[in-house]
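Coordinate inspection notes
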Amino acid sequence: MSERRGEINSFYPLFFTAAFILLLIQYPFSSFESILYDLWIKLHVTDTPEKQFVLITQDENNDQILGEYYPYTYATHSKFLEKVTKDSPFIISYLVNFEEPTQEDDERFYKKFLEIIEDYTKENGVFRIGTSIDFWGEQIPPEEMKKFGYSPALINVDGEVFAKDSVHRKAILDISGEDSLHFWLSNRIRKDQGLEENKSKFVWGAYYNSDADATFVNYAHLVDLNNSDDVFVQIPFYRVLNGAIPPDFFKDKVVLIGPQYSSNSDDFVYTPFSKEKKVSKLALHASMVHSLSQNRTLYPISGVFTDILALFLAIGLSFIISKVQPTRGLLITISLIASVVLVAYVSFVFLGAWLKIAHILLSVFIVYYIWIPYRAIVEYQTRYAIEEESEMLKKVENLKQNFISLMSHDLKTPVAKIAGMADNLKMKVHTEEDNTIIDNIIKSTQALNQFITSILDLTKVESQNLNLNLTSKDVNKIIESVVEKLTYEMETKKIGLDLELSPLYPIQLDQNLIHRVISNLVENAIKYSGEGSQISVKTFDNDEWVTIEIADNGAGISPDDLSHIFEKFYRVKNDSTHKIKGSGLGLYLVKYFIELHKGTISVQSEIGKGTTFTIKLINK
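Presented here is an overview of the structure given in this document. These figures come from a predicted structure and were not determined experimentally.

1. Here we look at the overall build of the chain
On a plain count of helices and strands, the chain comes out with 18 helices and 23 strands. Evaluated residue by residue, the chain yields a buried proportion of 43% over its 620 residues. Considering only intrachain contacts with a sequence separation of at least 6, the fraction spanning at least 24 residues in the chain is 74%. For the chain, the accessible area works out to roughly 34200 Å², and carbon and sulfur atoms hold 55% of it.

2. So, the sheet that holds strand S12 (residues 254-259)
With parallel pairing, the 6 strands of this open sheet are ordered in space as S6-S3-S2-S12-S1-S11. At either end of the open sheet lies a strand with only one pairing partner, and these are strand S6 (150-152) and strand S11 (233-236). Sheet twist, expressed as the mean angle between neighbouring strand axes with direction ignored, is 25°. In this sheet, S6 lies alongside strand S3 (residues 126-131) in parallel orientation, the contact comprising 3 bridges.

3. Quick notes on the packing of aromatic side chains
Applying the stated criterion across every chain yields a total of 23 aromatic pairs. The interplanar angle of 65° and the centroid separation of 4.7 Å between the aromatic rings of Tyr-37 and Trp-354 together place this pair among those described as edge-to-face. On the criterion of sequence distance, the pair formed by Tyr-37 in helix H3 (residues 30-44) and Trp-354 in strand S16 (residues 353-354) is long-range, its members being 317 residues apart. The exposure class assigned to Tyr-37 is buried, which follows from its relative accessible area of 1%. A cation sits over an aromatic face here: Arg-128 above Trp-184, 4.1 Å from the ring centre. The ring of Phe-249 carries Lys-253 above its face, with NZ or CZ at 5.6 Å from the centroid.

4. Quick word on the sheet that holds strand S20 (residues 534-541)
Reading across the sheet, the 5 strands line up as S18-S20-S21-S23-S22 and stay open at both edges, with mixed pairing between neighbours. In this open sheet, the two strands that pair with only one neighbour each are strand S18 (496-501) and strand S22 (600-606). Averaged over all neighbouring strand pairs, the angle between strand axes comes to 10°, with direction disregarded. Across 6 bridges, S18 lies against S20 in parallel orientation. Among the inter-strand pairings, Gly-496 is bridged to a residue of S20, identified as Gln-534. Those strands touched by helix H15 (residues 475-492) are S18, S20, strand S21 (545-552) and strand S23 (610-618), and its axis lies near 170° from that of S18. Contacts from helix H16 (residues 511-529) reach S20, S21, S22 and S23, with the element oriented near 20° to S21.

5. Regarding the side chain of Ser-533
In this structure, Ser-533 sits in the loop between H16 and S20. Ignoring any residue separated from it by four or fewer positions in sequence, one finds Ser-533 in contact with Lys-494, Ile-495, Gly-496 and Asn-553.

6. As for empty space enclosed by the protein
Over the atoms rolls a probe the size of a water molecule, and its path tells where empty space is left. For the coordinates displayed, the defined rule picks out 2 cavities of 30 Å³ or more. Roughly 30 Å³ of volume is contained in the second largest cavity. Phe-183, Ser-186, Asn-198, Val-203, Leu-292, Asn-295 and Thr-297 together form the lining of the second largest cavity.

Parameters and conventions
Residues numbered from 1 in each chain as written. Predicted model: local features only at pLDDT ≥ 70, side-chain atom pairs only at ≥ 80, totals over all residues. Heavy atoms only, no water. Helix = DSSP H or I, 4+ residues; strand = E, 2+ residues; numbered from the N terminus. Buried < 20%, exposed > 50% of the residue type's maximum accessible area, 1.4 Å probe, protein only. Contact = heavy atoms within 4.5 Å. Areas by Shrake-Rupley, 256 points an atom, 1.4 Å probe, with all protein chains shown as cover. Pairing = 2+ DSSP bridges. Axes fitted to C-alpha atoms, helices over the stretch in contact; angles between N-to-C directions. Phe/Tyr/Trp six-rings, centres within 6.5 Å; stacked < 30°, edge-to-face > 60°. Lys NZ or Arg CZ within 6 Å of the ring centre and 35° of its normal. 1 Å grid on protein atoms, 1.4 Å probe; cavity = no way out; pocket = protein on both sides within 12 Å on 5 of 7 lines; lining within 4 Å. Points joined across faces, edges and corners; volume = space filled by probe spheres on them.

Right under this line is the structure:
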């Protein structure tokens, strides 16, 4: 029941995650998207125009020098146009609101202005007027000027839609079926380059807005408009009139003429390159024409697709974070965010696809900040349960240790009494049969006493209450003492002993523990090597170690058993050893005692050839 409840609880974060994501995608987060869009635009700048644009500006300085006011007289424009057309430019486009002439002199120069345009177009020059639209409608040129062609030259800004920050991001391709000036000029450039002219409805990423009755498209600037002065040639109107232009300066150029009055905010606009510094509309017109001529438009990927992707990634990330460690979950989250941003950038720059990632990134953050606290709570509960279990195990272990210690101490007294009574009884009996029985009692009490001692040592080891009593002692003396006590047993089993004890200096050791180590290893050799075998004990030293080797030529130990012989309560079990009694603690304690001295013990054995134990103690 508790497991089922835990499984149900694990779905709560997933439920809340899905609910937050579904609520999140109801909001467009256009301000955030606009920041990324503008960043991609800045990183997308790649080149300078193939056909150089020349921007001729009308501003306050021109008015003062010429003594006229915008849009200037037809006499001035006639003189200006004569100077420009003389160099045979490729395109001349006026972004000026011309008015019908009102005076006789003005009428005469107006006709001359029209004649200059007509002569220029007959020589394959391209002339186009860009018109604006105000409250009263499109500001169309004078009647006789219409025949040369005009198109709406509107700059769209995000005022009522998207980011609503008055930044220009979209180009208008047509209005009520009429091509905009930028789209019309871009097709003339494409035609001159031998490329197919575009149709507005087939432009990559174009969409129709019924309220405006216009076709729009997002496009990528190919030039940095923050540095438009370095990209486009900009010269004031009066310099052309004064003839301060070198010969053939306008030849094959795209010439745009328009106002750039610093006192008129309508002549400037914010762009993705800066929301603090405005760019002149004249430079923006040139940039739009160039980008459209290169088909550098952008396709906005459907918001439905990004919302589904956001939900899918959120669920996937939720599953991953719920299974991995928090630190790894953080790395995966950061990697996912970086991947999404990289994919959005690559799609924008190389594929011309605008992927809106605000919902995706915010979904990832929501998943992280929902699941990480949940994981922390779960891990805290798990850690608390483990700590409680560990505390309980410690108490149980202490109870066990106390019980074993008390039992062992209490058992030593009756065992000692049995041994004493057996010794007294042996002195009073005289028959061989009685002596044999009493000897067996004494041997059994000795074995039981050794077992109890091993259990007591084990409790000291596990409770870490075993301390070394270090003294300066010659290892050879300890070995000789052990051998002396076991001589009778070796003679009984007809086991030979080979002692090769090199002269040694005394070293710091616990005499009692080392005595027990050597006794255990020699006794094991006697037990397991069988009658008529040979045991050798060698010692030697160098500057670092004192080495003790205890070897026998008995049955040996199998490789499977060899890797476990130092484990607690482990005993080798085969046909030759099953009758030999033991606790399985001897070698475990031997290894512990040696390592307590900061020494090492190793073993080598081969079936049928015997076993060799090698002990190394620090030589100091």
